[in-house]
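Per-entry structural report
These are the residues of each chain, in order.
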Amino acid sequence: MKNILVLGGAGYIGSHTVLMLESRGYKAIVLDNLSSGHKQSLKNTNATIYIDEISKENLEKIAEKHKIDGIIYFAGSIAVGESMSNPSLYLHNNLFNGVTILDFMKDKNINKMVFSSSAAVYGIPLKVPIFEDDRKSPINVYGFSKAAYEDILKFYDQIFGIKSVSLRYFNAAGASLKNNIGEDHKEETHLIPLILKTALGQRESIKIYGDTYKTLDGTCIRDYIHVDDLAQAHILALEYLQNHGDSDYFNIGNGSGHSVKEIIDLSKKITNIDFKVEIEGKREGDPDILIASSSKIQKKLHWNSQFSIEDIIKSAWTWHKNNPNGFV
């Protein structure tokens, strides 16, 4: 059994990945400060959980108790708007802490990391679908922090031989019904849970920010990927590194897009609830269309998405109905 240190393992994607790690025979050691994660999301796991900050001292304490064979790095700040109002937080959490982790790995001869990156590294794409070697031009501090850390990883490989895989997520969504865990953010910004909270009557309406985009119905188009498909990608990336794979980076998406109006209409159909929708002005910097090409990870890691957009919304709806107040 290999021991995997999962940083941010009590978060949305992290907790799903911990469960999948355990199903593959790994032992998960979780470090999470619970600033956005939930200890309850790990209640059905056998993970060893440390509730604390990422620091040299705390990582050293964990290494004294466990032999660490690899790291999956989820921990970090993820809200785009907040990154523009509080950039120092994002530079500290996503870059300074990230370098602390790499120096710890260097000192302990741990040479495998799977990194939670983002489609935000691309900024506004010149074309769609987006391929991994397309221009990286982030338009917010969050995207910049992810792109910069990918570059830092290249140097730590070149200088110290630390191998990494960066997974550039598009729009994570859905829930694991088998393990009854789903999406519960303290300040929710993601479209599908906001829609479903509106269907539950917890919000007065769902807002569409702009209906004059260059799309068929005027609302922006995004690529949605089920959280369990993301978890699967992390396991495959880890096993690729264990099999002596070189450092690399991959998009993770379904390869097809759905507009905001389409997601709202499909959610109304699935929930059988006709909730209120309001049109607001566009948000600065929102691209018309973001769709991933996932051909590279399909070919190199033999990954394929298993869940449709209907599956994603149905699983999320079931979880939100069963857990209207999230993890309590």
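Summary of the structure given here. (Residues numbered from 1 in each chain as written. Predicted model: local features only at pLDDT ≥ 70, side-chain atom pairs only at ≥ 80, totals over all residues. Heavy atoms only, no water.)

All right, on to the packing of aromatic side chains then. Applying the stated rule across the entire model yields five aromatic pairs. Arranged with centres 5.5 Å apart and planes meeting at 80°, the rings of Y73 and Y149 form a pair that is edge-to-face. On the criterion of sequence distance, the pair formed by Y73 in strand β4 (residues 70-73) and Y149 in helix α5 (residues 141-160) is long-range, its members being 76 residues apart. Take Y73 and Y149: they sit in the same class, and that class is buried. Ring geometry for Y156 against F160: centres 5.2 Å apart, planes inclined by 45°, an arrangement best described as tilted. Highlighted residues: Y156 and F160, both in helix α5, separated by four residues, approximately one helical turn. We classify F160 as partly exposed; its relative accessible area is 40%. An aromatic cluster is built from Y73, F115 and Y149, whose rings are joined through pairwise contacts. Lying across the ring of Y213, K282 places its NZ or CZ 4.3 Å from the centre. (Phe/Tyr/Trp six-rings, centres within 6.5 Å; stacked < 30°, edge-to-face > 60°. Helix = DSSP H or I, 4+ residues; strand = E, 2+ residues; numbered from the N terminus. Buried < 20%, exposed > 50% of the residue type's maximum accessible area, 1.4 Å probe, protein only. Lys NZ or Arg CZ within 6 Å of the ring centre and 35° of its normal.)

Quick look at the pattern of salt bridges now. Within the structure shown, the criterion is met by 16 salt bridges. Between K56 and E60 there is a salt bridge, with the nearest N and O atoms lying 3.6 Å from each other. Here K56 and its partner E60 are both found in helix α2 (residues 56-65), four residues apart, which amounts to about one turn of the helix. Classification of K56 as partly exposed rests on a relative accessible area of 47%. (Salt bridge = Lys/Arg side-chain N within 4 Å of Asp/Glu carboxyl O.)

Turning next to the side chain of D69. Mapped onto the elements, D69 comes out in the loop between α2 and β4. In this structure the side chain of D69 is engaged in a polar contact, spanning 2.8 Å, whose partner is the backbone nitrogen of N3. (Polar contact = N/O pair within 3.5 Å; in protein donor to acceptor, adjacent residues only side chain to side chain.)

Looking now at α5. Its 20 residues place the ends of α5 27 Å apart at the C-alpha level, agreeing with the 28 Å of an ideal helix rising 1.5 Å per residue. Within α5, the full set of buried residues consists of V141, Y142, G143, S145, K146, A147, A148, Y149, E150, L153, Y156 and D157. Considering only its buried residues, α5 is in contact with β4, α3 (80-85), α4 (87-108), β5 (112-118) and β6 (163-169). Once α5 ends, the next one or two residues include G161, with phi positive near 75°. (Expected span 1.5 Å × (residues − 1). Contact = heavy atoms within 4.5 Å.)

Before going further, it helps to examine empty space enclosed by the protein. Over the atoms rolls a probe the size of a water molecule, and its path tells where empty space is left. Within this structure, the stated rule accounts for two cavities of 30 Å³ or more. Roughly 50 Å³ of volume is contained in the largest cavity. Around the largest cavity, the lining residues are G11, Y12, S15, S36, H38, S41, G182, D184, H185 and F327. In terms of residue class, the lining of the largest cavity is made up of two nonpolar, seven polar and one charged. If you trace the second largest cavity, you find it lined by G174, A175, G182, E183, I192, P193, A316, W319 and H320. For the lining of the second largest cavity, the elements supplying multiple residues, two or more each, are α6 (191-199) and α10 (309-322). Counting residues per element, the lining of the second largest cavity draws most heavily on α10, which supplies three residues. (1 Å grid on protein atoms, 1.4 Å probe; cavity = no way out; pocket = protein on both sides within 12 Å on 5 of 7 lines; lining within 4 Å. Points joined across faces, edges and corners; volume = space filled by probe spheres on them. Nonpolar A, V, L, I, M, F, W, Y, C, P; charged D, E, K, R; others polar.)

It is worth spelling out a nonpolar patch on the surface at this point. Taken together, the side chains of F155, I159 and F160 present a nonpolar region at the surface, about 320 Å² in accessible area. Along the chain, I159 turns up in helix α5. (Patch = residues over 30% accessible without salt bridge, like charges linked within 9 Å, V, L, I, M, F, W, Y side chains within 5 Å. Areas by Shrake-Rupley, 256 points an atom, 1.4 Å probe, with all protein chains shown as cover.)

Time to look at the sheet that holds β6. The pairing of strands in a sheet comes from backbone hydrogen bonds and takes either a parallel or an antiparallel form. Reading across the sheet, the seven strands line up as β3-β2-β1-β4-β5-β6-β11 and stay open at both edges, with parallel pairing between neighbours. Edge positions in the open sheet fall to β3 (48-51) and β11 (248-252), since each of these has one partner strand only. Pairs of neighbouring strands in the sheet enclose a mean axial angle of 20°, with direction left out of account. On top of the sheet, α4 reaches β1 (3-7), β4 and β5; it is set at about 175° to β4, its chief contact. (Pairing = 2+ DSSP bridges. Axes fitted to C-alpha atoms, helices over the stretch in contact; angles between N-to-C directions.)

Below, the discussion takes up the nonpolar core. Within soluble globular proteins, side chains that are nonpolar tend to cluster in buried spots. If you look at the biggest cluster of nonpolar residues, it comprises 36 residues, and the most contacted ones within it are V6, I13, L21, L167, I252 and I297. With ten residues, the top contributor of residues to this core is helix α7 (residues 227-242). With residues up to four places along the chain from it excluded, the contact list for I13 reads F74, Y169, A172, V227, L230 and H234. In terms of nonpolar packing, the next biggest core, distinct from the first, is built from 25 residues, L102, M105, I110 and M113 among them. (Core = buried A, V, L, I, M, F, W, Y, C linked by side-chain atoms within 4.5 Å.)

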